[in-house]
Amino acid sequence: MISYEKARQLVLSEARPGGKEKIKLEKALGLVAARDIIARFPLPPFTNSAVDGYALRSMETIKEENFNYPVSLKLLAQQRAGTYFSGRLKPGTALKVMTGSPIPKGADAVIPREEVEEKEGHIFIKRAVKAGENIRLAGEDVKKGQKIVDSGTVLRPAHLGLLAACGQYEVWVYRRPTVFVLVTGDELCPPGESLKKGMIYDSNSFLIRALVETTGARLMAVKRVKDHLTSLVAGLKEAVAKANIIITSGGVSVGDYDLVKVALEKIGAKCVFWKVAQKPAKPLAFYKLKQNKERAYFFGLPGNPGAVFVSFEEYVRPFIKKMMGRKDYLPQEIEATLTHPIKKKRGRLNFFRVKLQLEGGEWLATSAGAQESGILSSLKEIHGLALIPAETEFLEEGTKIKVHLIEN
Ligand code: AMP
Ligand code: MG
């Protein structure tokens, strides 16, 4: 049995960002930019109005102290956003503009519509307008040639908006890893069918599918297989043909029908580790297979839902994130104060389900309920997994503990 630290190091040392590919902007959310991106156009592309109003020469509204406003200007044709007035604004005139309309040559300010009276082809202005008022300058947001996204950046909605605004429609990203899920167990019944005696509804298919979907990896399939060696081998072979990350659930423990490891060895996969000094998910298995130039990785998760959840958050998610080119692949860790004592057995690191609350700038951690690995209901309550070290037997109320924040 190896330690959690060692196991996670072994997993992460195998994860390398995949190839790079150019994809459409609308497919890029959550992926990692694989190249620096340079703006090919300035933003905004031309100087334009920030309001609906009238473009004018500010000088013509600036008068000596005792001048009796309004100033009157002759109104030229109206201009809608998306059209272009190519002429020059002559002295004594103004152009009606909408938000985003280009500012004609000669004009240097826009007065908002609400402040102006328009009558018989003229507008009447009751105050001095400053040069630059309500004008958005070409390139004030982004200059042409400026770097707008660094290689390694996770593309969020704002990045995609910015890239589109600068005329970009494709982007180089790290390829999404592909994932295949195999759920094992003769006792499993799909929800929606009637439950025979001794059977249980298969929840891991749904739990793992949803977990994978929150990572941005490409889920190829989720399949249920029986605890028979031939079915398992066939399932694994199909998975390897379709994906580079294979997640299995159940069948990695020491029961009579725990055949996942046997099947993995049958297809030629090598054991990196099996069994970790942790609770839950002690029988976690990690295998790899090299075929030609392709590599496949196998996470053999124990069947209990609590073990599935913890193994996914602590091992599979960081692995997928690193494969996707993310530098922030580890769970976010905070320090919190326990609001009650905790007792545990010595020997295994415990992942303890907690709720978190911020009080006076300090995180307080409280048990989210039952901690047994078969329990599902308290999982939905949690904000984090507290890491209670292997050698600890008792923690007093008020002890500072490490907590990994849950991302899903
Ligand atoms: P195993 O790791 O196969 O020994 O399974 C451990 C426990 O998890 C057993 O109680 C199984 O019935 C349960 N289990 C296994 N697979 C699933 C699943 N897909 N959905 C719900 N429970 C499961
Ligand atoms: Mg089983």
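So, how was this worked out
Residues numbered from 1 in each chain as written. Chains lettered and ligands numbered in written order. Predicted model: local features only at pLDDT ≥ 70, side-chain atom pairs only at ≥ 80, totals over all residues. Heavy atoms only, no water. Helix = DSSP H or I, 4+ residues; strand = E, 2+ residues; numbered from the N terminus. Rg over C-alpha atoms; globule rule 2.2 N^0.38 Å. Buried < 20%, exposed > 50% of the residue type's maximum accessible area, 1.4 Å probe, protein only. Contact = heavy atoms within 4.5 Å. Areas by Shrake-Rupley, 256 points an atom, 1.4 Å probe, with all protein chains shown as cover. Lys, Arg positive; Asp, Glu negative; His and termini not counted. Charge placed at Lys NZ, Arg CZ, Asp CG, Glu CD. Near = heavy atom within 4 Å. Polar contact = N/O pair within 3.5 Å; in protein donor to acceptor, adjacent residues only side chain to side chain. Core = buried A, V, L, I, M, F, W, Y, C linked by side-chain atoms within 4.5 Å. Domains from an automatic or database assignment. Buried area = accessible area lost by both parts, 1.4 Å probe. Salt bridge = Lys/Arg side-chain N within 4 Å of Asp/Glu carboxyl O. Nonpolar A, V, L, I, M, F, W, Y, C, P; charged D, E, K, R; others polar. Axes fitted to C-alpha atoms, helices over the stretch in contact; angles between N-to-C directions. Parallel < 35°, antiparallel > 145°, perpendicular 65-115°, else oblique. Left-handed = near helix turned anticlockwise from the far one by under 90°.

**Remarks on the overall build of the chain**
And then number 1: Check the secondary structure of the chain and you find six helices and 28 strands.
And then number 2: Taken against the 2.2 N^0.38 rule, which gives 22 Å for 408 residues, the C-alpha radius of gyration of the chain at 31 Å runs more than 25% over that of a compact globule.
And then number 3: For the chain, the spread of C-alpha atoms along the three principal axes comes to 95 × 55 × 45 Å.
And then number 4: Within the chain, the proportion of its 408 residues that are buried is 47%.
And then number 5: For the chain, contacts bridging at least 24 residues in sequence account for 70% of all contacts bridging at least 6.
And then number 6: Element-wise, carbon and sulfur atoms account for 52% of the exposed surface of the chain, whose accessible area totals about 20900 Å².
And then number 7: One finds the centroid of the 63 positive side-chain charges in the chain at a distance of 7 Å from the centroid of its 45 negative side-chain charges.

**Here's the deal with the site of ligand 1**
And then number 1: In the vicinity of ligand 1 lie 16 residues, with Glu187, Asp202, Ser203, Gly251 and Gly303 positioned nearest.
And then number 2: Here glycine 251 contributes a backbone N or O atom positioned 2.9 Å from an oxygen atom of ligand 1.
And then number 3: A distance of 3.2 Å is found between an oxygen atom of ligand 1 and a backbone nitrogen or oxygen belonging to asparagine 304.
And then number 4: Protein contacts shield 76% of the accessible area of ligand 1, which totals 490 Å² for the unbound molecule.
And then number 5: Counting only elements with at least two residues in the shell around ligand 1, the list comes to β13 (178-184) and β15 (200-201).

**Considerations on the nonpolar core**
And then number 1: Leu155, Leu163, Val171, Ile247, Phe299 and Phe319 are the most contacted members of the largest nonpolar core, which totals 58 residues.
And then number 2: With nine residues, helix α6 (residues 305-323) is the single largest residue contributor to this core.
And then number 3: Those residues in contact with leucine 155 that lie beyond four places of it in its chain are Ala28, Leu29, Gly30, Leu31, Ala33, Val149, Leu160, Leu163, Val171 and Val173.
And then number 4: Membership of the second largest hydrophobic core comes to 22 residues, among which are Val225, Leu236, Leu264 and Ala269.

**A look at the domain arrangement of the chain**
Interface size is commonly expressed as the accessible area that is lost once the parts come together.
And then number 1: Here the chain is described as being made up of domain 1 (4-19 + 176-323), domain 2 (21-42 + 144-174), domain 3 (48-136) and domain 4 (333-405).
And then number 2: Averaged C-alpha coordinates put domain 1 and domain 2 at centres separated by 33 Å.
And then number 3: At the interface, five residues of domain 1 touch four residues of domain 2.
And then number 4: Summed over both sides, the interface of domain 1 with domain 2 buries roughly 350 Å², with 58% coming from carbon and sulfur.
And then number 5: Along the contact surface separating domain 1 from domain 2 lie zero salt bridges.
And then number 6: Where domain 1 touches domain 2, the interface holds zero residue pairs in polar contact (both at pLDDT 80 or more).
And then number 7: Residues that form the side of domain 1 that touches domain 2 fall into these classes: one nonpolar, three polar and one charged.

**Quick look at the packing of helix α3 (residues 204-213) against α6**
And then number 1: At a minimum axis separation of 11 Å, α3 and α6 run at an interaxial angle of 20 degrees. Relative to α6, the element α3 lies roughly parallel. When you trace α3 past α6, the crossing you get is right-handed. Of the residues in α6, those in contact with Asn204, Leu207, Ile208, Leu211 and Val212 of α3 are Pro305, Val308, Phe309, Phe312, Glu313 and Arg317.
And then number 2: Residues of the contact of α3 with α6, tallied by class, amount to eight nonpolar, one polar and two charged.

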